[in-house]
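Residues per chain, in single letters:
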Amino acid sequence: MAFGNNIKTYFQGSWHNDDIRIIRAADHGSWLGSSVFDGARYFDGQAPDLNRHCERLNNSATALMLTPTISASDISNIVQEGLNLFPKNTAVYIRPMYWGIDGDSTAILPQPDQTGFAICLEEVPMAPPTATVSLTTTKFRRPVLEDAVVNAKAGCLYPNNARMLAEATAKGFSNALVADAMGNVAETATANVFMVKDGEVFTPITNGTFLAGITRARHIQNMRNNGITIHEAVLSFDDFRQADEVFMSGNMSKVTPVVCFDDRQYQSGPITRQVREMYWDWAMSYGN
């Protein structure tokens, strides 16, 4: 189901208007979940880090034992063609994807050289700077590589995230702060997470249980370039309860201030605002 509008779909070598049908009932990805995707953003005439998102898509396909059929640079070029179908001031969610078509003799393993490919472009406005999120805990945790393909942006991982969100919204919150297998903070149900304490920034260290995002990496680089001390560390839920500021980092909204974690209240503080400003400053210089 689309969550945007004014959709353009690239399939079998051509751009099509609308949310066209691209997958068959017997395709491996349809009934056995061998699908991967990536998400990038186009706004204010720029598509920041688009090439890195396309590279991650191909890496995700390989992790699911699928063979990428299009180079990252060619995917980026096709996306740019599709973006030209929108007015320059339109905000677009960019979603290239692969899925398995045939299985092997057991049906369970996908045939690596039988891979479907499509790109979906949806008009989705950027969240306003005033948008915020509230967090709570969840009984569901991030899996490890031995349990799931956590080294890919794979569709089969998202039902677990949906359970986290359903639990959080049932408790009256908009998102969940999620633990890894060891009980330390990993991320939220939908995005990476940062906290600020005494003027320094902290984010959970990459440990193979969550996808360390491209936008997360960009924020870390921007902060270091601008003299903000940033630590990748093992963090507990108590660390977040004692934080001065908390914000989420993801491709969809880039920076989203957190206003509470259960009964702990936060302000949208100066570092959160600075991180957002630094990202927009960098993004607007991306194509220059």
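This is a predicted model, so every value here is computed, not measured.

### Brief notes about the overall build of the chain
Then, in step 1: Each helix and strand in the chain was counted, giving seven helices and 15 strands.
Then, in step 2: On C-alpha atoms alone, the chain measures out to a radius of gyration of 19 Å, which is about the 19 Å that the 2.2 N^0.38 rule sets for 288 residues.
Then, in step 3: Projected onto its principal axes, the C-alpha positions of the chain cover 55 × 45 × 35 Å.
Then, in step 4: Counting only residues that meet the buried cut, the chain has 51% of its 288 residues in that class.
Then, in step 5: The long-range share in the chain, meaning contacts at least 24 apart out of those at least 6 apart in sequence, stands at 70%.
Then, in step 6: Carbon together with sulfur atoms contributes 51% to the accessible area of the chain, which is approximately 13,200 Å² in total.
Then, in step 7: Computed over 23 positive and 30 negative side-chain charges, the separation of the two mean positions in the chain equals 3 Å.

### With respect to the environment of aspartate 262
Then, in step 1: Inspection of the secondary structure puts aspartate 262 in the loop between strand 14 (256-261) and strand 15 (264-265).
Then, in step 2: A relative accessible area of 24% places aspartate 262 in the partly exposed class.
Then, in step 3: Separated by 91 residues in the primary sequence, aspartate 262 and lysine 171 place their C-alpha atoms 9.6 Å from one another.
Then, in step 4: Setting aside chain neighbours within four positions, we find aspartate 262 in contact with Leu135, Thr136, Thr137, Phe173 and Arg241.
Then, in step 5: A polar contact is formed between the side chain of aspartate 262 and the side chain of threonine 136, at a distance of 2.5 Å.

### Looking at the pairing of strand 7 (residues 133-136)
Then, in step 1: Because side chains alternate across strand 7, one face comprises the buried residues Val133 and Leu135, and the other comprises Ser134 and Thr136, equally buried.
Then, in step 2: Two elements, strand 7 and strand 14, share three bridges in a ladder whose sense is parallel. Within strand 14, the position partnered with leucine 135 by the bridge is phenylalanine 261.
Then, in step 3: For strand 7 and strand 8 (residues 175-179), the ladder comprises two bridges, and the chain directions are parallel.

### Overview of unusual backbone geometry
Then, in step 1: Backbone geometry at aspartate 44 places phi at a positive 50 degrees, although glycine is not the residue there.
Then, in step 2: Along the chain, the position of aspartate 44 falls in the loop between strand 4 (40-42) and helix 2 (50-63).
Then, in step 3: For aspartate 44, a relative accessible area of 47% corresponds to the partly exposed category.
Then, in step 4: Phi is positive for aspartate 198, close to 55 degrees, though the residue is something other than glycine.
Then, in step 5: Aspartate 198 gets classed as exposed once you look at its relative accessible area, which sits at 65%.

### Observations concerning the packing of aromatic side chains
Given two aromatic rings, their pairing is described by the distance between the two centres and the angle made by the two planes.
Then, in step 1: Considering all chains together, one arrives at 10 aromatic pairs under this definition.
Then, in step 2: Aromatic pair phenylalanine 37 and tyrosine 158: ring centres 5.5 Å apart, planes at 55 degrees, arrangement tilted. One end of the pair, phenylalanine 37, is in strand 3 (residues 35-37); the other, tyrosine 158, is in helix 4 (residues 158-170), with 121 residues separating them in the sequence.
Then, in step 3: Of the residues examined, tyrosine 158 reaches a relative accessible area of 35% and is grouped as partly exposed.

### Here we look at the packing of helix 5 (residues 214-225) against helix 7 (residues 270-284)
Then, in step 1: Packing of helix 5 against helix 7 brings their axes to within 10 Å, and their N-to-C directions diverge by 100 degrees. With respect to helix 7, the axis of helix 5 lies roughly perpendicular. Two secondary-structure elements touch here, helix 5 through Thr215, Arg218, His219, Asn222 and Met223 and helix 7 through Val275, Met278, Tyr279 and Trp282.
Then, in step 2: Taken together, the residues of the contact of helix 5 with helix 7 sort by class into five nonpolar, three polar and one charged.

### Quick look at the packing of helix 2 against helix 3 (residues 72-83)
Any two packed helices are characterised by how steeply their axes cross, that is the angle between the axes, and by the distance between the axes.
Then, in step 1: Relative to each other, helix 2 and helix 3 sit at 125 degrees, their axes nearing to 8 Å. The angle between the axes of helix 2 and helix 3 places the two elements in the oblique class. In the packing of helix 2 onto helix 3, the handedness of the crossing is right-handed. Contact residues: Leu50, Asn51, Cys54, Glu55, Leu57 and Asn58 in helix 2; Ala72, Ile75, Ser76, Val79 and Gln80 in helix 3.
Then, in step 2: Of the residues in the contact of helix 2 with helix 3, the class split is six nonpolar, four polar and one charged.

### What to know about helix 5
Then, in step 1: Between the first and last C-alpha of helix 5 there are 17 Å, a value that for 12 residues agrees with the 16 Å anticipated at 1.5 Å per step.
Then, in step 2: Of all the positions in helix 5, only Ile214, Thr215, Arg216, Arg218, His219, Ile220, Asn222 and Met223 are classed as buried.
Then, in step 3: Contact partners of the buried residues in helix 5: helix 2, strand 10 (192-197), strand 11 (200-204), strand 12 (230-233), strand 13 (245-249) and helix 7.
Then, in step 4: Downstream of helix 5 by one or two residues, glycine 227 has phi in the positive range, about 80 degrees.

The rules behind the values
- Residues numbered from 1 in each chain as written.
- Predicted model: local features only at pLDDT ≥ 70, side-chain atom pairs only at ≥ 80, totals over all residues.
- Heavy atoms only, no water.
- Helix = DSSP H or I, 4+ residues; strand = E, 2+ residues; numbered from the N terminus.
- Rg over C-alpha atoms; globule rule 2.2 N^0.38 Å.
- Buried < 20%, exposed > 50% of the residue type's maximum accessible area, 1.4 Å probe, protein only.
- Contact = heavy atoms within 4.5 Å.
- Areas by Shrake-Rupley, 256 points an atom, 1.4 Å probe, with all protein chains shown as cover.
- Lys, Arg positive; Asp, Glu negative; His and termini not counted.
- Charge placed at Lys NZ, Arg CZ, Asp CG, Glu CD.
- Polar contact = N/O pair within 3.5 Å; in protein donor to acceptor, adjacent residues only side chain to side chain.
- Pairing = 2+ DSSP bridges.
- Phe/Tyr/Trp six-rings, centres within 6.5 Å; stacked < 30°, edge-to-face > 60°.
- Axes fitted to C-alpha atoms, helices over the stretch in contact; angles between N-to-C directions.
- Parallel < 35°, antiparallel > 145°, perpendicular 65-115°, else oblique.
- Nonpolar A, V, L, I, M, F, W, Y, C, P; charged D, E, K, R; others polar.
- Left-handed = near helix turned anticlockwise from the far one by under 90°.
- Expected span 1.5 Å × (residues − 1).

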